[in-house]
Amino acid sequence: MEVPPLHPGPASLELLLLQAEHKSSYIWEGQLLAQTLRSRRVDDMWDFLKTHQLHPSIVRCLQDTGFYRIIEIGRLQLDWSLIKALIERWRPETHTLHLPIGEATITLQDVEVLYGLPVDGLPVALPHAMRDYTGSQYLETLQRLTGFRPEDEGVLFQPPIPPIAQDAPPPPSLPLARRWVDRRGYGRKYEARHNLPYCRDLLDLLEDAQFIWRPYNDELIASLPDYCSTGQLIWSSSVSLMCLDIVEHHATERVLRQFGRPQLIPPSPAWLMTHYQQDDRSRVDQAYEAWLELQIETWDQRCDLIPPPPPPDLMDGEHAYMGWYRNITQLFVGNPIHRDGGRFIPYAGRHEALVIGLHLFHQLGLQMQQYTGEGVTAFHDYGRRVTDLAARTLQRTRDDERLGHEADYMAPEQYHRGPAVQPARG
């Protein structure tokens, strides 16, 4: 088997304990090149809503909860290949996306600014979720929530109405996502057509200057309706998020740059790495209900769970963070020796191999300058020329930040997935 030109990471398995079973490991080993994630698409729903009107009772319920804004915003253009490439970098151990430049996630601020959905209020948690409801149970729930129960499920919709005009003006006071719809249009013909290997390689090559950590400035937020910022007090709260029986973690202490703060090395996650298995597929017993009640108690303390600003002596702690982060994460997903049908040749891994070589070459020049034997003057001169050449080349490729870190890389031959994990459910 051909040996890749670099080790993808992680060098240490202190954090990513599920690496052996993670999708990125299979992709690196060439086992899932042709198998892609099937996304749940809602195109048919939007096409249906163009010619059908929701029952007024349903509309009123959606308006009362704020969810009707999703329908008012309309169908968004989505880049499914980019979404799939990002999912390959999602880590359940930390509840963040592990990018080459650090961790990032979808925040409560994103939800409220983009969609205008309320992010603060009472949690909705049920030990028995609705996914196993029968038709009659759904109708009973519908009647309880809206006071309306049709004899036939088809009555949820009124007779057809004229479709939405392409040039129709947007309803007043809508959140930021509507601006994207207005710019790109509604139809499927506007869907992005990137392919997955290309998006995977772009993420592998991602640099810090290409990533906008704070996409919403104060001026933009002030231009939006008030309901797009009513929950800003808890936007950076590190808290559990609940939907019926599912609990996810809003781990803002790991993505402080998204809130304009320097990122320090975060504490270890306070949740179990297999927390995603605690839902209604588990046995609903007293222990499960006690766990769910604990998550509700955590949510009730949300205003007290905002990460504090770093102390003055650690304001420049991002250098230490990146040194730690590069050691504990998988930096590369696409393996340059695997080519899916020969259609796309990954570049990121080959570029990284060259950068690593230059970094090691620079270190060799520094070692040459420590020589004390015969011909020391000439040897030191060669050492300085080596280090200068390597440094200039790294600067020209905009990778000279490596020179601030120790050239300590894992050899490609040392790659291994890590120990297999067989977590028990519940």
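Keep in mind that this is a model prediction, so the values were computed, not measured. (Residues numbered from 1 in each chain as written. Predicted model: local features only at pLDDT ≥ 70, side-chain atom pairs only at ≥ 80, totals over all residues. Heavy atoms only, no water.)

1. Re helix α14 (residues 376-396)
Then comes step 1: In this model α14 runs 30 Å from its N-terminal to its C-terminal C-alpha over 21 residues, within 8% of the 30 Å that 1.5 Å per residue would give.
Then comes step 2: Among the residues making up α14, those that are buried are Gly383, Val386, Thr387, Ala390, Ala391 and Leu394. Projected down its long axis, α14 carries its buried residues within an arc of 125°, all on one side. Along α14, the residues that are exposed and aim more than 90 degrees away from the buried face are Thr377, Arg385 and Arg396.
Then comes step 3: Those residues of α14 that are buried lie in contact with α13 (348-368).
Then comes step 4: At the C-terminal side of α14, Arg398 shows a positive phi close to 60°. (Helix = DSSP H or I, 4+ residues; strand = E, 2+ residues; numbered from the N terminus. Expected span 1.5 Å × (residues − 1). Buried < 20%, exposed > 50% of the residue type's maximum accessible area, 1.4 Å probe, protein only. Arc of directions from axis to C-beta. Contact = heavy atoms within 4.5 Å.)

2. Notes on the pairing of strand β4 (residues 239-243)
Then comes step 1: Two elements, β4 and strand β5 (residues 246-250), share 5 bridges in a ladder whose sense is antiparallel. Looking at the pairing, Cys243 lines up with Ile246 of β5.
Then comes step 2: Hairpin connection of β4 to β5: 2 residues between the antiparallel strands, including Leu244 at a positive phi of 60°. (Pairing = 2+ DSSP bridges.)

3. Remarks on a negative patch on the surface
Then comes step 1: A grouping of Glu289, Glu293, Glu297 and Asp300 is seen on the molecular surface, where their side chains present a negatively charged patch.
Then comes step 2: We classify Glu297 as partly exposed; its relative accessible area is 44%. (Patch = residues over 30% accessible without salt bridge, like charges linked within 9 Å, V, L, I, M, F, W, Y side chains within 5 Å. Areas by Shrake-Rupley, 256 points an atom, 1.4 Å probe, with all protein chains shown as cover. Salt bridge = Lys/Arg side-chain N within 4 Å of Asp/Glu carboxyl O. Lys, Arg positive; Asp, Glu negative; His and termini not counted. Charge placed at Lys NZ, Arg CZ, Asp CG, Glu CD.)

4. A look at the packing of aromatic side chains
Then comes step 1: Under the defined criterion, the tally for this structure stands at 3 aromatic pairs.
Then comes step 2: Both rings, one in Tyr321 and one in Trp324, keep their centres 5.9 Å apart while their planes meet at 40°; by these two values the pair is tilted. Here Tyr321 pairs with Trp324, and both are found in helix α12 (residues 318-328), just 3 residues apart, close to one helical turn.
Then comes step 3: Exposure remark for Tyr321: the relative accessible area of 1% places this residue in the buried category.
Then comes step 4: Members of the aromatic cluster, joined through ring pairs, are Tyr321, Trp324 and Tyr325.
Then comes step 5: In this structure, Arg69 is placed above the aromatic ring of Tyr227, and the distance from its NZ or CZ to the ring centre is 3.6 Å. (Phe/Tyr/Trp six-rings, centres within 6.5 Å; stacked < 30°, edge-to-face > 60°. Lys NZ or Arg CZ within 6 Å of the ring centre and 35° of its normal.)

5. Notes on the packing of α13 against α14
Then comes step 1: Two elements in contact, α13 and α14, have axes whose closest approach is 7 Å; the angle formed by their N-to-C orientations is 155°. With respect to their mutual orientation, α13 and α14 come out roughly antiparallel. The element α13 and its partner α14 pack so that their crossing is left-handed. In contact with Val355, Leu358, His359, Phe361, His362, Gly365, Leu366 and Met368 of α13, α14 contributes Phe379, His380, Tyr382, Gly383, Val386, Thr387, Leu389, Ala390, Ala391, Thr393 and Leu394. (Axes fitted to C-alpha atoms, helices over the stretch in contact; angles between N-to-C directions. Parallel < 35°, antiparallel > 145°, perpendicular 65-115°, else oblique. Left-handed = near helix turned anticlockwise from the far one by under 90°.)

6. Examining the pairing of strand β2 (residues 96-99)
Then comes step 1: As judged from the 2 bridges shared by strand β1 (residues 90-91) and β2, these two strands associate in the antiparallel manner. Paired with Trp90 across the two strands is Leu97, which belongs to β2.
Then comes step 2: Count of turn residues in the β1/β2 antiparallel hairpin: 4 residues, of which His95 carries a positive phi of about 60°.
Then comes step 3: One ladder, built from 3 bridges, connects β2 with strand β3 (residues 102-104); its direction is antiparallel. Pairing of His98 across the sheet is with Glu103, part of β3.
Then comes step 4: The turn linking β2 back onto β3 is made up of 2 residues.

7. Observations concerning the sheet that holds β2
Then comes step 1: On the basis of which strands lie adjacent, the open sheet formed by 3 strands has the order β1-β2-β3 and antiparallel pairing. What marks the edges here is a single partner per strand, and that holds for β1 and β3.

8. Focus on α13
Residues three or four positions apart in an α-helix share a direction because the helix packs 3.6 residues into each turn.
Then comes step 1: With 21 residues, α13 ought to run about 30 Å at 1.5 Å a step, and its terminal C-alpha atoms sit 30 Å apart, in line with that.
Then comes step 2: Within α13 the residues assigned to the buried category are Ala348, Gly349, His351, Glu352, Val355, Ile356, His359, His362, Gly365 and Met368.
Then comes step 3: Buried residues in α13 make contact with α9 (196-204), α12 and α14.

9. A word on the pattern of salt bridges
Side chains that carry opposite charge are capable of pairing whenever their charged atoms lie near each other.
Then comes step 1: Going through the model one piece at a time under the given rule, you end up with 7 salt bridges.
Then comes step 2: The shortest N-O distance in the salt bridge between Asp204 and Arg89 comes to 2.4 Å. Of this pair, Asp204 sits in helix α9 while Arg89 sits in the loop between α5 (80-87) and β1; the two residues are 115 residues apart in sequence, bridging distant segments of the chain.
Then comes step 3: Residue classification places Arg89 among the buried residues on the basis of a relative accessible area of 3%.

Structural measurements only, silent on function.
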